[in-house]
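Commentary on secondary and tertiary structure
Chain residues, written in single-letter form:
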Amino acid sequence: MASGFRRGNRKRLPKLEARGVLESVDREGPFKEWLGMPDLYRYHLVVDGTSYSYQTEDRELPVTTGDRVVFRYKETKAGNWVDRNSLGVAIDPSNYQSE
């Protein structure tokens, strides 16, 4: 089967990207969506005054409050949802030194 096939001639919207300082993190869960699925945790993140939701199987996030973070997200009626596995610490090249 051909990969990347889309019906119609609609252009795909590019992913939105955000970066900024993580101001607060609140965790809810664990939630069981259906039988046999691992527990899911829902995080409410505030980055530069904007609220985002993030859902993952990880009990702890790879980032902490005060970190400069970068991620991709979608705007929905329910709010801004961070794409799975896109949340990480932003690396500033001016601070990076190779040894």
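Below: a short report on this structure. (Residues numbered from 1 in each chain as written. Predicted model: local features only at pLDDT ≥ 70, side-chain atom pairs only at ≥ 80, totals over all residues. Heavy atoms only, no water.)

**Comments concerning the pairing of strand E5 (residues 79-82)**
Two strands pair when backbone bridges link them, and strand E4 (residues 68-76) and E5 are joined in this way by 4 bridges, in the antiparallel orientation. When the sheet's bridge partners are listed, Thr76 is paired in E5 with Gly79. Between E4 and the antiparallel strand that follows it, E5, lie 2 residues. (Pairing = 2+ DSSP bridges. Helix = DSSP H or I, 4+ residues; strand = E, 2+ residues; numbered from the N terminus.)

**A look at the pattern of salt bridges**
Applying the stated criterion across every chain yields a total of 5 salt bridges. For Lys15, the salt bridge is made with Asp83, and the minimal N-O distance between the two is 3.1 Å. Taken together, the residues span a long stretch of sequence, with Lys15 in the segment before strand E1 (16-31) and Asp83 in the loop between E5 and strand E6 (88-89) at a distance of 68 residues. A salt bridge links Arg72 to Asp83, with the nearest nitrogen and oxygen atoms 3.8 Å apart. (Salt bridge = Lys/Arg side-chain N within 4 Å of Asp/Glu carboxyl O.)

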